[in-house]
Amino acid sequence: MCINLFFVRHGMTEYNKNVIIQGQTNRSNIIDICDKPLLPDGYTQAETLVKIIIERNLKPQIILSSPLLRAYQTAQILSKKLGLDVIKNDGLKEMFFGAENEGMPVSEFKKKIFNPALKFVNPLDYTEYYVKTGEELREYHKDTNPKYDLLSHPNGETKKEVRDRAKQAIRNFVLANPTYKNILIPTHNALLRFLMGELDVNSAQNTVGHEEIVYIQYDINKNSWKLIERYIN
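Being a predicted model, the structure only gives us computed values, none of them experimental.

Procedures and definitions
Starting from 1, residues in each chain are numbered consecutively following that chain's sequence as written. Local features in this predicted model are restricted to residues of pLDDT 70 or higher, and side-chain atom pairs are both shown and tallied only at a pLDDT of 80 or more, whereas totals for entire chains, interfaces and linings draw on every residue. Note: side-chain values were computed over all heavy atoms of the structure, leaving out hydrogens and water. Going along the chain from the N terminus, every DSSP run of H or I of four or more residues is numbered as a helix, and every run of E of two or more is numbered as a strand. For a helix, the expected span equals 1.5 Å multiplied by the residue count minus one. Under the scheme applied here, a residue whose accessible area is under 20% of the maximum for its type counts as buried, over 50% as exposed, and between as partly exposed, the area being computed with a 1.4 Å probe on protein chains only. We define the nonpolar core as a collection of buried residues of types Ala, Val, Leu, Ile, Met, Phe, Trp, Tyr and Cys that are connected through side-chain atoms lying within 4.5 Å of one another. The contact criterion used is simple: two residues touch if any of their non-hydrogen atoms lie within 4.5 Å. Here an axis means a line fitted to C-alpha atoms, over the contact stretch when the element is a helix, while the angle between two N-to-C directions is reported on a 0 to 180 degree scale. Convention used here: angles under 35 degrees read as roughly parallel, angles over 145 as roughly antiparallel, angles from 65 to 115 as roughly perpendicular, and any remaining angle as oblique. Helix crossings fall into two classes, left-handed where the near helix is turned counterclockwise from the far one by less than a right angle and right-handed where it is turned clockwise. In this count, Pro and Cys sit with the nonpolar residues alongside Ala, Val, Leu, Ile, Met, Phe, Trp and Tyr, while Asp, Glu, Lys and Arg are called charged and the others, Gly among them, polar. Between Lys or Arg on one side and Asp or Glu on the other, a salt bridge is scored when a side-chain nitrogen of the former is within 4 Å of a carboxyl oxygen of the latter.

**Quick look at helix α6 (residues 159–176)**
No. 1: Taking 1.5 Å per residue, 18 residues should reach 26 Å; α6 reaches 26 Å between its end C-alpha atoms and fits that length.
No. 2: For α6, the full list of buried residues reads K159, V162, R163, R165, A166, K167, A169, I170, F173 and V174.

Structure (structure tokens):
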């Protein structure tokens, strides 16, 4: 049996606009950093998602949302416009980038020098590689090569950990709720790109927009995932 999953990225926040590492910012050690709400543009973007859903006749039955504020606010707009219930799920949170890194401007993080260099393992052949700077780390973070699946920001989650927890959360939900065949999922850019990285490397290289729907089909019996289409406004 196949389940239709319609993933959306939350609307824009202040941290998106200013290119600040966001992640799970309510866990940050940096003073005055918090889980930011949507900007006015973010609300408009969520309304555009509603328009795409209606135009494409996607017919979601339930909203399964990341509990982080920006995603949940997006879910609430979708819920109000589409008349759907919202269920929060911790497995759909954004990647945790480490408490000392979240809330830091990306430009500042790129200037970091790691001494000693960060050591990672390539899960394909178990060779080791080293990362010396924040700029290198950010480039590898965006790279879809599976050799970087065990890469993480200092004291943060790996790409594999994020992808595995999201997939397990969705599987658990659909097994427990077999009546839902079309599920709308407000979540986050990095998480979505890591999911797509296993399904379509070329597609995963492109950032997910705030006015875009990523349609992935999940076969429960085969426990397999397939990227069907990306609907872009």
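**Quick word on the nonpolar core**
Within soluble globular proteins, side chains that are nonpolar tend to cluster in buried spots.
No. 1: Ranked by size, the top nonpolar core spans 41 residues in total, and within it L5, F7, L137, I170, V174, I183 and I185 carry the most contacts.
No. 2: The element that contributes the greatest number of residues to this core is helix α7 (residues 189–199), accounting for six residues.
No. 3: Beyond its immediate stretch of four places on either side in the chain, L5 contacts I170, I183, I185, V214, Y215, I216, Y218 and W225.
No. 4: Formed by 15 residues, the second largest nonpolar core is a distinct cluster that contains F6, I52, I63 and Y215.

**Thoughts on the packing of helix α2 (residues 40–55) against helix α3 (residues 69–82)**
No. 1: Contact geometry of α2 with α3 gives a least axis separation of 9 Å together with a crossing angle of 45 degrees. What the angle tells us is that α2 and α3 run oblique. Along this stretch, α2 crosses α3, giving a crossing that reads as right-handed. Along the contact surface, α2 presents Y43, A46, E47, L49, V50, I53 and I54, while α3 presents Q73, T74, I77, L78, K81 and L82.
No. 2: Its residues placed into classes, the contact of α2 with α3 shows nine nonpolar, two polar and two charged.

**Observations concerning unusual backbone geometry**
No. 1: Note that the residue after N115, namely P116, is joined by a cis bond; omega there is 10 degrees.
No. 2: With respect to the helices, strands and loops of the structure, P116 is situated in strand β4 (residues 113–121).
No. 3: For V19, which is not a glycine, the phi torsion comes out positive at approximately 55 degrees.
No. 4: In this structure, V19 sits in the loop between α1 (14–17) and α2.
No. 5: Although it is not a glycine, Y126 adopts a positive phi angle of roughly 65 degrees.

**Here we look at the pattern of salt bridges**
No. 1: Counted according to the given criterion, the structure contains ten salt bridges.
No. 2: The salt bridge involving K160 is made with D164; its shortest N-O contact spans 2.6 Å. With K160 and D164 both in helix α6 and four residues apart, the pair spans about one turn of that helix.
No. 3: Here E198 and R163 are joined by a salt bridge, their closest N and O atoms 3.4 Å apart. Within this pair, whereas E198 is found in helix α7, its partner R163 is found in helix α6, the two being separated by 35 residues in sequence.
No. 4: Looking at E198, the relative accessible area reads 45%, which means it is partly exposed.
No. 5: Overall, R163 belongs to the buried group, its relative accessible area being 4%.
No. 6: Members of the salt-bridge network, linked through shared partners, are D149, R163, K167 and E198.

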